[in-house]
Amino acid sequence: MSTSPPSLSELTAHPLIQAPMAGGVSRPELVAAVCEAGGLGFLAAGYKTPEAMYEEIRQLRQLTARPFGVNLFMPQPRSADPAAVDVYREQLTGEAAWYETELGDPEGKTDDAYEAKLAILHDDPVPVVSFHFGCPARRVLERFAALGTCTVVTVTSVAEARAAQAAGARALCVQGVEAGGHQGTHRDDPEGDRGSAGIGLLSLLAQVGEAVQLPLVAAGGLMRGRQIAAVLAAGAVAAQLGTAFLATEESGAHALHKRALTDPHFTRTELTRAFSGRPARGLVNRFVREHGPYAPAAYPQLHYLTAGLRRAAAKAGDPQAMALWAGQGHRLARELPAGQLVEVLRAECDEARAELREVGS
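The shown structure was predicted, so the numbers you read here are calculated from the model rather than taken from an experiment. Residue positions within a chain follow its written sequence, with the count starting from 1. Thresholds applied to this predicted model are a pLDDT of at least 70 for local features of residues and 80 or more for the giving and counting of side-chain atom pairs; totals over whole chains, interfaces and linings are not thresholded and use all residues. The basis for every side-chain value is the complete set of non-hydrogen atoms in the structure, without hydrogens or water.

(A) Molecular detail of the overall build of the protein chain. Working definition: helices are DSSP H or I runs of at least four residues, strands are E runs of at least two. Numbering for both runs from the N terminus. The helix and strand tally for the protein chain stands at 15 helices and 11 strands. Restricting the calculation to C-alpha atoms gives the radius of gyration, and the globule rule supplies 2.2 Å times the number of residues raised to the power 0.38. What you see for the protein chain is a C-alpha radius of gyration of 20 Å, in line with the 21 Å of a compact globule of 361 residues. Per-residue accessibility, obtained with a 1.4 Å probe over protein chains only, is compared with the maximum for each type, and a residue is labelled buried under 20%, exposed over 50%, and partly exposed between these values. A buried classification covers 57% of the 361 residues belonging to the protein chain. Summarising the internal contacts of the protein chain: among those between residues at least 6 apart in sequence, 69% fall at separations of at least 24. With an accessible surface of roughly 15300 Å², the protein chain has 51% of that area assigned to carbon and sulfur atoms. Residue contacts follow a heavy-atom distance rule, with two residues in contact if any of their heavy atoms lie within 4.5 Å. Areas reported as accessible are Shrake-Rupley estimates using a 1.4 Å probe. Residue values count occlusion only from the protein chains shown.

Shown next as C-alpha coordinates:
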(Lines give C-alpha, C1' and ligand atoms only; values in the text may rest on other atoms or scores of the structure.)
Protein backbone atom coordinates (compact mmCIF):
# COMPACT_ATOMS: atom_id res chain seq x y z
CA MET A 1 0.00 0.00 0.00
CA SER A 2 1.44 3.37 -1.00
CA THR A 3 1.61 6.37 1.28
CA SER A 4 2.16 10.00 0.40
CA PRO A 5 5.68 11.10 1.38
CA PRO A 6 5.86 13.80 4.05
CA SER A 7 7.21 17.20 3.11
CA LEU A 8 10.60 18.33 4.37
CA SER A 9 8.89 20.87 6.61
CA GLU A 10 6.95 18.06 8.28
CA LEU A 11 10.12 16.10 9.00
CA THR A 12 12.05 18.71 10.98
CA ALA A 13 11.28 21.15 13.77
CA HIS A 14 13.75 23.72 12.42
CA PRO A 15 14.40 24.64 8.76
CA LEU A 16 17.97 23.40 9.07
CA ILE A 17 19.57 20.43 7.33
CA GLN A 18 23.01 18.97 7.98
CA ALA A 19 24.56 18.28 4.59
CA PRO A 20 25.63 14.74 3.75
CA MET A 21 29.43 14.78 3.65
CA ALA A 22 31.05 11.66 2.19
CA GLY A 23 34.37 10.32 3.35
CA GLY A 24 33.42 9.55 6.93
CA VAL A 25 32.35 13.02 8.10
CA SER A 26 28.61 12.36 8.42
CA ARG A 27 28.84 9.68 11.08
CA PRO A 28 25.70 8.34 12.77
CA GLU A 29 26.71 10.27 15.90
CA LEU A 30 26.66 13.58 14.02
CA VAL A 31 23.40 12.86 12.23
CA ALA A 32 21.70 11.76 15.45
CA ALA A 33 22.83 14.87 17.33
CA VAL A 34 21.43 17.13 14.61
CA CYS A 35 18.14 15.22 14.47
CA GLU A 36 17.74 15.21 18.24
CA ALA A 37 18.21 18.99 18.28
CA GLY A 38 15.39 19.46 15.78
CA GLY A 39 17.28 19.60 12.51
CA LEU A 40 17.39 17.04 9.70
CA GLY A 41 20.62 15.06 9.59
CA PHE A 42 21.92 13.14 6.59
CA LEU A 43 24.07 10.04 6.29
CA ALA A 44 26.37 10.01 3.26
CA ALA A 45 26.31 6.70 1.39
CA GLY A 46 28.82 7.88 -1.22
CA TYR A 47 32.02 5.77 -1.38
CA LYS A 48 30.53 3.24 1.05
CA THR A 49 29.60 -0.34 0.30
CA PRO A 50 25.89 -1.18 0.48
CA GLU A 51 26.62 -3.19 3.61
CA ALA A 52 28.36 -0.24 5.28
CA MET A 53 25.45 2.04 4.40
CA TYR A 54 22.98 -0.43 5.91
CA GLU A 55 25.06 -0.73 9.08
CA GLU A 56 25.21 3.06 9.52
CA ILE A 57 21.43 3.28 9.12
CA ARG A 58 21.06 0.57 11.76
CA GLN A 59 23.40 2.42 14.14
CA LEU A 60 21.60 5.70 13.55
CA ARG A 61 18.21 4.19 14.35
CA GLN A 62 19.61 3.07 17.67
CA LEU A 63 20.68 6.66 18.43
CA THR A 64 17.52 8.51 17.39
CA ALA A 65 13.90 7.88 16.50
CA ARG A 66 13.65 11.17 14.62
CA PRO A 67 13.49 11.45 10.81
CA PHE A 68 16.79 11.47 8.89
CA GLY A 69 18.05 11.27 5.34
CA VAL A 70 20.46 9.18 3.26
CA ASN A 71 22.36 10.63 0.30
CA LEU A 72 23.30 8.61 -2.79
CA PHE A 73 25.77 9.34 -5.58
CA MET A 74 24.42 8.78 -9.07
CA PRO A 75 26.33 6.42 -11.40
CA GLN A 76 28.86 8.17 -13.61
CA PRO A 77 29.57 7.56 -17.29
CA ARG A 78 32.93 6.11 -18.28
CA SER A 79 33.97 9.22 -20.18
CA ALA A 80 37.48 9.81 -18.85
CA ASP A 81 40.41 9.77 -21.25
CA PRO A 82 42.67 6.89 -20.09
CA ALA A 83 45.71 8.62 -21.57
CA ALA A 84 45.03 11.77 -19.54
CA VAL A 85 44.68 9.68 -16.38
CA ASP A 86 48.00 7.96 -17.14
CA VAL A 87 49.73 11.33 -17.54
CA TYR A 88 48.33 12.51 -14.22
CA ARG A 89 49.40 9.27 -12.55
CA GLU A 90 52.94 9.87 -13.76
CA GLN A 91 52.81 13.40 -12.35
CA LEU A 92 51.91 12.01 -8.93
CA THR A 93 54.68 9.42 -8.68
CA GLY A 94 56.84 11.85 -6.73
CA GLU A 95 54.03 12.40 -4.25
CA ALA A 96 53.65 8.67 -3.74
CA ALA A 97 57.38 8.30 -3.12
CA TRP A 98 57.41 11.20 -0.65
CA TYR A 99 54.54 9.76 1.41
CA GLU A 100 55.86 6.20 1.02
CA THR A 101 52.62 4.86 -0.39
CA GLU A 102 51.20 3.45 -3.62
CA LEU A 103 48.94 5.21 -6.05
CA GLY A 104 45.53 3.63 -6.32
CA ASP A 105 43.93 1.78 -9.21
CA PRO A 106 41.85 4.30 -11.17
CA GLU A 107 39.75 1.57 -12.75
CA GLY A 108 37.33 1.19 -9.86
CA LYS A 109 33.58 1.02 -10.29
CA THR A 110 31.84 4.16 -11.51
CA ASP A 111 28.34 3.30 -10.26
CA ASP A 112 29.07 3.51 -6.48
CA ALA A 113 26.92 0.36 -6.07
CA TYR A 114 23.88 2.51 -6.84
CA GLU A 115 21.41 -0.28 -7.63
CA ALA A 116 22.34 -2.30 -4.56
CA LYS A 117 21.87 0.74 -2.34
CA LEU A 118 18.51 1.47 -3.95
CA ALA A 119 17.44 -2.10 -3.21
CA ILE A 120 18.28 -1.70 0.49
CA LEU A 121 16.43 1.61 0.72
CA HIS A 122 13.43 0.08 -1.06
CA ASP A 123 13.34 -2.92 1.27
CA ASP A 124 13.91 -0.86 4.43
CA PRO A 125 12.69 2.70 3.66
CA VAL A 126 14.08 5.81 5.35
CA PRO A 127 12.27 9.17 5.63
CA VAL A 128 14.38 11.05 3.05
CA VAL A 129 16.71 10.06 0.20
CA SER A 130 18.70 12.66 -1.71
CA PHE A 131 20.79 12.36 -4.87
CA HIS A 132 24.05 13.99 -5.97
CA PHE A 133 25.70 14.10 -9.43
CA GLY A 134 22.48 13.63 -11.35
CA CYS A 135 18.78 12.85 -11.29
CA PRO A 136 17.31 9.35 -10.95
CA ALA A 137 14.91 7.87 -13.48
CA ARG A 138 11.21 8.53 -12.94
CA ARG A 139 10.63 4.89 -11.96
CA VAL A 140 13.11 5.23 -9.07
CA LEU A 141 11.50 8.40 -7.73
CA GLU A 142 8.00 6.94 -8.13
CA ARG A 143 9.02 3.82 -6.19
CA PHE A 144 10.29 5.96 -3.31
CA ALA A 145 7.11 8.05 -3.38
CA ALA A 146 5.02 4.88 -3.11
CA LEU A 147 7.09 3.84 -0.09
CA GLY A 148 6.51 7.19 1.62
CA THR A 149 10.10 8.39 1.18
CA CYS A 150 10.65 12.07 0.38
CA THR A 151 13.17 12.48 -2.46
CA VAL A 152 15.52 15.44 -2.94
CA VAL A 153 17.72 16.06 -6.00
CA THR A 154 20.71 18.42 -5.89
CA VAL A 155 20.66 20.96 -8.73
CA THR A 156 23.10 23.66 -9.83
CA SER A 157 21.13 25.22 -12.71
CA VAL A 158 17.62 25.95 -13.91
CA ALA A 159 17.87 23.21 -16.55
CA GLU A 160 18.75 20.62 -13.90
CA ALA A 161 15.91 21.84 -11.69
CA ARG A 162 13.37 21.47 -14.49
CA ALA A 163 14.63 18.00 -15.31
CA ALA A 164 14.38 16.91 -11.66
CA GLN A 165 10.85 18.27 -11.38
CA ALA A 166 9.83 16.45 -14.56
CA ALA A 167 11.29 13.20 -13.21
CA GLY A 168 9.19 13.41 -10.05
CA ALA A 169 11.50 14.73 -7.32
CA ARG A 170 9.64 15.93 -4.23
CA ALA A 171 12.14 18.72 -3.43
CA LEU A 172 15.36 20.25 -4.75
CA CYS A 173 18.62 21.09 -3.02
CA VAL A 174 19.77 24.26 -4.79
CA GLN A 175 23.57 24.26 -4.52
CA GLY A 176 25.36 27.56 -5.05
CA VAL A 177 28.96 27.76 -6.18
CA GLU A 178 29.97 28.78 -2.63
CA ALA A 179 29.38 25.24 -1.35
CA GLY A 180 32.19 23.07 -0.04
CA GLY A 181 32.91 19.66 -1.48
CA HIS A 182 31.78 18.41 -4.87
CA GLN A 183 29.52 20.45 -7.06
CA GLY A 184 26.45 18.32 -7.75
CA THR A 185 26.24 19.06 -11.46
CA HIS A 186 24.28 16.47 -13.42
CA ARG A 187 26.90 16.46 -16.16
CA ASP A 188 30.58 17.17 -15.69
CA ASP A 189 31.43 19.69 -18.39
CA PRO A 190 35.17 20.56 -18.51
CA GLU A 191 34.31 23.64 -20.58
CA GLY A 192 32.97 25.19 -17.39
CA ASP A 193 36.49 25.19 -15.92
CA ARG A 194 37.53 27.90 -18.35
CA GLY A 195 34.93 30.43 -17.32
CA SER A 196 32.40 30.92 -14.57
CA ALA A 197 32.27 27.64 -12.70
CA GLY A 198 28.84 28.15 -11.21
CA ILE A 199 26.16 30.52 -9.95
CA GLY A 200 26.00 32.13 -6.51
CA LEU A 201 23.36 30.76 -4.16
CA LEU A 202 21.00 33.74 -3.95
CA SER A 203 20.97 34.27 -7.71
CA LEU A 204 20.46 30.55 -8.36
CA LEU A 205 17.73 30.30 -5.73
CA ALA A 206 15.76 33.11 -7.39
CA GLN A 207 16.17 31.64 -10.87
CA VAL A 208 15.17 28.12 -9.82
CA GLY A 209 12.29 29.44 -7.72
CA GLU A 210 10.75 31.08 -10.76
CA ALA A 211 11.30 28.00 -12.96
CA VAL A 212 9.83 25.18 -10.87
CA GLN A 213 7.04 24.50 -8.39
CA LEU A 214 8.93 22.44 -5.81
CA PRO A 215 10.17 23.12 -2.25
CA LEU A 216 13.74 24.38 -2.35
CA VAL A 217 16.60 23.74 0.08
CA ALA A 218 19.38 26.34 -0.11
CA ALA A 219 23.01 25.17 0.11
CA GLY A 220 26.30 27.00 -0.30
CA GLY A 221 28.52 28.87 2.16
CA LEU A 222 25.90 29.15 4.92
CA MET A 223 27.45 29.38 8.39
CA ARG A 224 25.28 31.71 10.49
CA GLY A 225 21.62 31.95 11.46
CA ARG A 226 21.29 35.29 9.70
CA GLN A 227 22.23 33.60 6.44
CA ILE A 228 19.60 30.94 7.06
CA ALA A 229 17.03 33.70 7.59
CA ALA A 230 18.17 35.30 4.33
CA VAL A 231 17.64 32.18 2.21
CA LEU A 232 14.29 31.53 3.87
CA ALA A 233 13.27 35.08 2.96
CA ALA A 234 14.50 34.36 -0.58
CA GLY A 235 12.10 31.43 -0.96
CA ALA A 236 13.82 28.38 0.48
CA VAL A 237 11.96 26.07 2.89
CA ALA A 238 15.21 25.11 4.63
CA ALA A 239 18.95 25.74 4.62
CA GLN A 240 21.54 22.98 4.23
CA LEU A 241 24.88 23.45 5.99
CA GLY A 242 27.93 21.23 5.65
CA THR A 243 31.11 23.11 6.51
CA ALA A 244 29.43 24.54 9.62
CA PHE A 245 29.20 20.99 11.00
CA LEU A 246 32.71 19.87 10.00
CA ALA A 247 34.31 21.24 13.16
CA THR A 248 31.75 19.80 15.59
CA GLU A 249 32.69 17.16 18.15
CA GLU A 250 30.58 14.49 16.44
CA SER A 251 31.97 15.11 12.96
CA GLY A 252 34.13 12.33 11.55
CA ALA A 253 36.45 14.81 9.82
CA HIS A 254 40.16 14.39 10.53
CA ALA A 255 41.47 16.66 13.30
CA LEU A 256 43.80 18.34 10.78
CA HIS A 257 40.82 19.12 8.55
CA LYS A 258 38.89 20.63 11.45
CA ARG A 259 41.81 22.85 12.49
CA ALA A 260 42.49 23.95 8.93
CA LEU A 261 39.07 25.59 8.63
CA THR A 262 40.18 28.51 10.81
CA ASP A 263 43.96 28.19 10.38
CA PRO A 264 45.29 31.52 9.04
CA HIS A 265 47.65 29.61 6.75
CA PHE A 266 44.63 28.57 4.65
CA THR A 267 43.31 31.85 3.33
CA ARG A 268 40.94 30.80 0.56
CA THR A 269 39.06 28.03 -1.19
CA GLU A 270 38.75 27.13 -4.85
CA LEU A 271 37.11 24.56 -7.07
CA THR A 272 39.62 21.89 -8.02
CA ARG A 273 39.78 18.54 -9.80
CA ALA A 274 43.10 17.69 -8.14
CA PHE A 275 41.87 14.95 -5.81
CA SER A 276 38.87 13.40 -7.55
CA GLY A 277 38.69 14.54 -11.17
CA ARG A 278 35.44 16.45 -10.56
CA PRO A 279 35.12 20.09 -9.44
CA ALA A 280 35.04 20.29 -5.66
CA ARG A 281 35.60 23.26 -3.38
CA GLY A 282 38.32 22.95 -0.78
CA LEU A 283 40.99 24.89 1.04
CA VAL A 284 43.90 25.74 -1.23
CA ASN A 285 46.93 23.77 -0.09
CA ARG A 286 50.17 22.72 -1.78
CA PHE A 287 48.59 19.76 -3.58
CA VAL A 288 45.82 21.92 -5.06
CA ARG A 289 48.30 24.57 -6.21
CA GLU A 290 50.75 22.13 -7.77
CA HIS A 291 48.38 19.58 -9.32
CA GLY A 292 45.00 21.25 -9.71
CA PRO A 293 45.84 22.98 -13.02
CA TYR A 294 46.77 19.63 -14.60
CA ALA A 295 44.08 17.33 -13.24
CA PRO A 296 41.86 15.91 -16.01
CA ALA A 297 38.09 15.53 -15.94
CA ALA A 298 38.16 11.95 -14.71
CA TYR A 299 35.76 11.14 -11.88
CA PRO A 300 35.84 8.85 -9.99
CA GLN A 301 39.11 7.63 -11.52
CA LEU A 302 41.22 10.30 -9.80
CA HIS A 303 39.36 9.71 -6.54
CA TYR A 304 40.63 6.14 -6.55
CA LEU A 305 44.07 7.17 -7.82
CA THR A 306 44.71 9.66 -4.99
CA ALA A 307 42.95 7.81 -2.14
CA GLY A 308 46.14 6.28 -0.76
CA LEU A 309 48.02 9.57 -1.01
CA ARG A 310 45.34 11.38 0.97
CA ARG A 311 45.35 8.72 3.67
CA ALA A 312 49.15 8.72 3.87
CA ALA A 313 49.25 12.51 4.18
CA ALA A 314 46.72 12.42 7.00
CA LYS A 315 48.70 9.68 8.76
CA ALA A 316 51.85 11.79 8.41
CA GLY A 317 50.08 14.80 9.92
CA ASP A 318 50.46 16.81 6.73
CA PRO A 319 47.36 18.76 5.62
CA GLN A 320 49.15 19.96 2.47
CA ALA A 321 48.19 16.82 0.55
CA MET A 322 44.77 16.20 2.10
CA ALA A 323 41.44 17.00 0.47
CA LEU A 324 40.32 19.77 2.83
CA TRP A 325 36.79 20.26 1.50
CA ALA A 326 35.27 23.51 2.73
CA GLY A 327 32.78 26.15 1.65
CA GLN A 328 33.56 29.82 1.22
CA GLY A 329 32.39 30.59 4.75
CA HIS A 330 34.89 28.23 6.41
CA ARG A 331 36.52 30.94 8.57
CA LEU A 332 33.19 31.20 10.45
CA ALA A 333 33.37 27.59 11.68
CA ARG A 334 32.60 27.10 15.39
CA GLU A 335 33.87 24.21 17.52
CA LEU A 336 30.65 23.27 19.27
CA PRO A 337 28.75 20.04 19.89
CA ALA A 338 26.44 19.51 16.91
CA GLY A 339 23.24 19.77 18.93
CA GLN A 340 24.39 23.03 20.50
CA LEU A 341 25.30 24.38 17.07
CA VAL A 342 21.78 23.65 15.85
CA GLU A 343 20.36 25.59 18.81
CA VAL A 344 22.71 28.54 18.23
CA LEU A 345 21.83 28.65 14.55
CA ARG A 346 18.12 28.43 15.33
CA ALA A 347 18.35 31.30 17.83
CA GLU A 348 20.33 33.45 15.38
CA CYS A 349 17.83 32.71 12.63
CA ASP A 350 14.84 33.49 14.82
CA GLU A 351 16.38 36.80 15.91
CA ALA A 352 17.12 37.79 12.32
CA ARG A 353 13.60 36.88 11.16
CA ALA A 354 12.09 38.87 14.01
CA GLU A 355 14.15 41.88 13.00
CA LEU A 356 12.94 41.49 9.42
CA ARG A 357 9.34 41.41 10.59
CA GLU A 358 9.88 44.59 12.62
CA VAL A 359 11.34 46.36 9.61
CA GLY A 360 8.41 45.26 7.48
CA SER A 361 5.72 46.24 9.98
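(B) Summary view of the pattern of salt bridges. Salt-bridge detection follows one rule: a side-chain nitrogen of Lys or Arg within 4 Å of a carboxyl oxygen of Asp or Glu. Tallied over the entire structure, the rule returns 18 salt bridges. We note a salt bridge from Glu36 to Arg66, for which the minimum N-O separation is 3.8 Å. Remark: Arg66 occurs in the loop between helix H3 (50-63) and strand E3 (69-73) and Glu36 occurs in helix H2 (residues 28-36); sequence separation between them is 30 residues. Since its relative accessible area comes to 40%, Arg66 is described here as partly exposed. For Arg61, the salt bridge is made with Asp124, and the minimal N-O distance between the two is 2.8 Å. Of this pair, Arg61 sits in helix H3 while Asp124 sits in the loop between helix H6 (114-123) and strand E4 (128-132); the two residues are 63 residues apart in sequence, bridging distant segments of the chain.

(C) Molecular detail of the sheet that holds strand E8 (residues 216-219). Read across the sheet, 8 strands follow the order E1-E9-E8-E6-E5-E4-E3-E2 without closing on themselves; strand pairing throughout is parallel. Edge positions in the sheet fall to strand E1 (16-18) and strand E2 (42-44), since each has one partner strand and no second. Taken over all neighbouring pairs, the strand axes of this sheet differ in orientation by 25° on average, direction set aside. Note: two strands are recorded as paired if DSSP finds a minimum of 2 bridges between them. Bridge analysis of strand E5 (residues 150-155) against strand E6 (residues 171-175) gives 4 bridges, and the strand direction is parallel. Looking at E6, one finds that Val155 is bridged to Val174. Every axis corresponds to a line fitted to the C-alpha atoms, with the helix fit spanning only the stretch in contact, and the corresponding angles, defined between N-to-C directions, vary from 0 to 180 degrees.

From the geometry alone we can't say anything about function, so treat these as descriptive.
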